[in-house]
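# An overview of the molecular structure
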Amino acid sequence: MNIRVMRVEDMMGMQACNLQNLPENYTMRYYMYHAMTWPSISYVAEDHKGRIVGYILAKMCGCDNSTFTRDEELSEPGKEPHGHVTSISVLRSYRRLGLAKKLMLQSQEAMANIYRATYVSLHVRKSNRAALGLYRDTLGFTVKDIEKGYYADGEDAYSMRLSLK
Ligand code: ACO
């Protein structure tokens, strides 16, 4: 299995993986937005035939992105520059091989080295045992807040953070 930076031609494979794994789905334009704005913090895992079996889609917040985008989330005045994991998933038959951990670590390293991110944030469903195991137990994230009814079906989210300092 190979982990490498996301390329524009990976977007279909990433979207297919996302549709199989999560109810939170995105338009092709949103994948493109990530790839074009922060080209070095989103990664894919591919099998020996080059098929996408996992991905991490990430963005930066609290930076001066005004030249590139009007995304309101990004223009949080006074906030430290930080990375945000929009989405991560691994196809079912490739799980528990350490791929998500590697995808997270690669992205975190790029966020810190390239964009000087001081921390990384994400949202996760309170019921998502596997992802919570990854974030809290393996990577050391902590729960910053509980966001009531964050998801479209009304489930609460843990807002989690990991310092990159
Ligand atoms: N139960 C408990 N802990 C788990 C589980 C599980 N099913 N899966 C992973 N973990 C934890 C373990 O601590 C594991 O370490 P270990 O194997 O040494 O015990 C650690 O995470 C690392 O596991 P990986 O093998 O790197 O994780 P994997 O590649 O299987 O992917 C993921 C984990 C991404 C959560 C996968 O289960 C998945 O794709 N789930 C569906 C999509 C999803 O929930 N994505 C996250 C949504 S939140 C967001 O996108 C910001």
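Above this text sits the structure in question.
The paragraphs below set out a description of the structure included in this document. Quantities reported herein were computed from a predicted structural model and do not represent experimental measurements. (Residues numbered from 1 in each chain as written. Predicted model: local features only at pLDDT ≥ 70, side-chain atom pairs only at ≥ 80, totals over all residues.)

### Here we look at the pairing of strand E2 (residues 43-46)
- The sheet contact formed by strand E1 (residues 2-5) and E2 spans four bridges and is antiparallel. Of the residues in E2, the one forming a bridge with Arg4 is Val44.
- Sheet topology note: the E2/strand E3 (residues 52-61) ladder contains four bridges and is antiparallel. Within the sheet, the bridge partner assigned to Val44 lies in E3 and is Tyr55.
- Connecting E2 to the next strand, E3, in antiparallel fashion are five residues, including Gly50 with a positive phi near 85 degrees. (Pairing = 2+ DSSP bridges. Helix = DSSP H or I, 4+ residues; strand = E, 2+ residues; numbered from the N terminus.)

### What to know about helix H3 (residues 99-115)
- The end-to-end C-alpha distance of H3 is 23 Å, a good match for the 24 Å that 17 residues give at a rise of 1.5 Å each.
- Looking at H3, one finds that the buried residues are Leu99, Ala100, Leu103, Met104, Gln106, Ser107, Gln108, Ala110 and Met111.
- In this structure, the buried side of H3 is in contact with E1, E2, E3, strand E4 (82-90), strand E5 (119-125) and helix H4 (129-139).
- Directly after H3, the chain includes Arg116, whose backbone phi takes a positive value near 60 degrees. (Expected span 1.5 Å × (residues − 1). Buried ≥ 20, exposed ≤ 12 C-beta atoms within 10 Å, placed from the backbone. Contact = placed C-beta atoms within 7 Å.)

### Regarding the sheet that holds E2
- Here we have seven strands laid out as an open sheet, ordered E1-E2-E3-E4-E5-E7-E6, and mixed in their pairing. Either end of the sheet is taken by a strand with one partner, and the two such strands are E1 and strand E6 (142-147). Strand-to-strand twist of the sheet, defined as the mean angle between neighbouring strand axes without regard to direction, takes the value 25 degrees.
- In this structure, E4 lies alongside E5, joined through three bridges in parallel fashion. Paired with His84 across the bridge in E5 is Ser121. (Axes fitted to C-alpha atoms, helices over the stretch in contact; angles between N-to-C directions.)

### Quick word on the packing of helix H1 (residues 11-21) against helix H2 (residues 28-37)
- Across the interface, H1 lies against H2 with an axial gap of 10 Å and an inter-helix angle of 120 degrees. Our classification of the angle between H1 and H2 gives oblique. Of the two possible hands of crossing, H1 and H2 adopt the one that is right-handed. The residues of H2 that touch H1, namely those facing Met11, Met14 and Gln15, are Met28, Tyr31, Met32 and Ala35. (Parallel < 35°, antiparallel > 145°, perpendicular 65-115°, else oblique. Left-handed = near helix turned anticlockwise from the far one by under 90°.)

### Description of the environment of Ile56
- Following the sequence through the fold, Ile56 ends up in strand E3.
- Looking at Ile56, the number of C-beta atoms within 10 Å reads 27, which means it is buried.
- In this structure, the C-alpha to C-alpha distance between Ile56 and Tyr43, residues 13 residues apart in sequence, is 5.3 Å.

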